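In case you want the letters, here they are:
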Amino acid sequence: MDIAENIKRFKEELPKDVNLIAISKTKPPEDIFTAYQTGHRQFGENKIQEMTEKWEKLPKDIEWHMVGHVQRNKVKYMAPYVSLIHAVDSLKLLKEINKEADKNGHSLDCLLQIKIAEEDSKYGISAEEAKEILDSEEFKKLDHVNVKGLMGMATFTDDEAQVKKEFEHLKSVFEDFKKEYSNMNILSMGMSGDYKIAVDSGSNMVRIGSEIFGARN
Ligand SMILES: *Cc1c(COP(=O)(O)O)cnc(C)c1O
């Protein structure tokens, strides 16, 4: 795997308005630094502890994205530096993020994870549940958290029509939310196996791991 070459290839291939998040989970800081030296600054991890260890070691102008499921008791470790939390799925978690952002004297940006896959995935909420959260008085009181868009993961399948259907559904939910709520401008969908379909369906942020850094063990 030539990490630098892969990053360059993605940057050339992706439309200009699609943000590339390089998912470096399980990979050593040296690999991230190789990508960094091409000029890339946006990296994603799925475990807070691992991300924090890498944040400590690597240049401070890296933008760190938390793409995995977040446990409330670990928010404090990433609150000082995280750029975007992709997989928020409850008001309780938003409250915790708000509290820790406040302690650090800033606001934190989040996405709500919408469940779009047909398979029984554990995480994510429905569009209706997301609206309930955003419309609640409790949410409106949170001054240190910005919900900037939506994130979703399609079913893990070779059936491209199925994947396309799920991404197009999320895109339509996103368009609906954009009309109803301010500050919604990020639609995070697409991974190594399905990013082309995601981009065709209107994604503006893709999360690519193995196609950049190689397969994980
Ligand atoms: C691991 C991961 C990715 C990247 O997966 P690849 O298939 O390696 O590109 C994207 N999003 C989330 C939420 C992940 O956990």
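It should be noted that the structure appears before, not after, this text.
Residues numbered from 1 in each chain as written. Predicted model: local features only at pLDDT ≥ 70, side-chain atom pairs only at ≥ 80, totals over all residues. Heavy atoms only, no water.

Asker: So what about helix α2 (residues 29–36)? Which residues, and what values?
Answerer: Those residues of α2 that fall on the buried side of the exposure criterion are Pro-29, Asp-31, Ile-32, Ala-35 and Tyr-36. Along the axis of α2, the buried residues cluster in a sector spanning 160 degrees; they form a single face. On the buried face of α2, the contacting elements are α1 (3–13), β2 (42–45), α3 (48–57), β3 (63–66) and α10 (210–213). (Buried < 20%, exposed > 50% of the residue type's maximum accessible area, 1.4 Å probe, protein only. Helix = DSSP H or I, 4+ residues; strand = E, 2+ residues; numbered from the N terminus. Arc of directions from axis to C-beta. Contact = heavy atoms within 4.5 Å.)

Asker: Explain the pattern of salt bridges residue by residue, including any values.
Answerer: The full count for this structure, using the stated rule, is 13 salt bridges. Where Asp-61 meets Arg-41, a salt bridge forms, and the shortest distance between an N and an O atom there is 3.1 Å. On the criterion of sequence distance, the pair formed by Asp-61 in the loop between α3 and β3 and Arg-41 in the loop between α2 and β2 is long-range, its members being 20 residues apart. In this structure Asp-61 comes out as partly exposed when scored by relative accessible area, which is 43%. The class of Arg-41 is partly exposed, set by a relative accessible area of 27%. A salt bridge links Glu-175 to Lys-178; its shortest N-O distance comes to 3.6 Å. Of this pair, Glu-175 and Lys-178 are both found in helix α8 (residues 160–180), three residues apart, which corresponds to roughly one turn of the helix. Since its relative accessible area comes to 27%, Glu-175 is described here as partly exposed. The class of Lys-178 is partly exposed, set by a relative accessible area of 38%. (Salt bridge = Lys/Arg side-chain N within 4 Å of Asp/Glu carboxyl O.)

Asker: How would you sum up the side chain of Glu-166? Please name residues and give values.
Answerer: The topology assignment puts Glu-166 in helix α8. Sequence-distant contacts of Glu-166, that is, excluding residues within four places in its chain, are made with Ile-116, Ala-117, Glu-118, Ala-154 and Thr-155.

Asker: Lay out the nonpolar core in plain terms, naming residues and giving numbers.
Answerer: When a protein is soluble and globular, its nonpolar side chains tend to lie buried together. Within the largest apolar cluster, 64 residues are counted, with the highest numbers of intra-cluster contacts made by Met-78, Leu-94, Ile-97, Phe-139, Leu-150, Phe-177 and Ile-212. Ranked by residues supplied to this core, first place goes to α8 with six residues. For Phe-177, the contacting residues outside a window of four places in its chain are Ala-127, Ala-130, Lys-131, Leu-134, Leu-150 and Met-184. Ile-21, Leu-84, Met-151 and Ile-186 belong to the second largest nonpolar core, which has nine residues in total. (Core = buried A, V, L, I, M, F, W, Y, C linked by side-chain atoms within 4.5 Å.)

Asker: Explain the packing of aromatic side chains to me, using residue names and the numbers behind them.
Answerer: In total, this model carries five aromatic pairs according to the counting rule given. With centroids separated by 6.3 Å and ring planes inclined at 45 degrees, the aromatic side chains of Phe-43 and Trp-64 adopt a geometry described as tilted. Of this pair, Phe-43 sits in strand β2 while Trp-64 is found in strand β3, placing the two residues 21 residues apart along the sequence. Given the relative accessible area of 0%, Phe-43 is considered buried. (Phe/Tyr/Trp six-rings, centres within 6.5 Å; stacked < 30°, edge-to-face > 60°.)

Asker: Explain the site of the ligand residue by residue, including any values.
Answerer: The full set of residues close to the ligand is Ile-23, Lys-25, Val-67, Met-151, Met-153, Met-191, Ser-192, Arg-207, Ile-208, Gly-209, Ser-210 and Arg-216. Ser-210 is positioned such that a nitrogen or oxygen atom in its backbone is 2.8 Å from an oxygen atom of the ligand. Contact distances for the ligand include 2.8 Å between an oxygen atom and a side-chain N or O atom of Arg-216. Relative to its unbound accessible surface of 390 Å², the ligand loses 90% to contact with the protein. Residues that form the shell around the ligand fall into these classes: six nonpolar, three polar and three charged. (Near = heavy atom within 4 Å. Polar contact = N/O pair within 3.5 Å; in protein donor to acceptor, adjacent residues only side chain to side chain. Areas by Shrake-Rupley, 256 points an atom, 1.4 Å probe, with all protein chains shown as cover. Nonpolar A, V, L, I, M, F, W, Y, C, P; charged D, E, K, R; others polar.)

Asker: Could you give an account of the side chain of Gln-113, with specific residues and numbers?
Answerer: Here Gln-113 lies in strand β5 (residues 108–113). Classification of Gln-113 by relative accessible area gives buried; the value is 7%. With residues near it in sequence (within four places) discarded, Gln-113 still touches His-86, Ala-87, Val-88, Tyr-123, Gly-124, Ile-125, Met-151 and Met-153.

Asker: Can you break down helix α6 (residues 127–135) residue by residue, with the values?
Answerer: Buried within α6 we find Ala-127, Ala-130, Ile-133 and Leu-134. Summarising the axial view, the buried residues of α6 lie within an arc of 120 degrees, below the 170-degree limit, and thus occupy one face. Projecting away from the buried face of α6 at angles above 90 degrees are the exposed residues Glu-128 and Glu-132. Packed against the buried residues of α6 are α5 (91–103), β5, α7 (137–140), β6 (145–152) and α8.

Keep in mind these numbers describe shape, not what the thing actually does.
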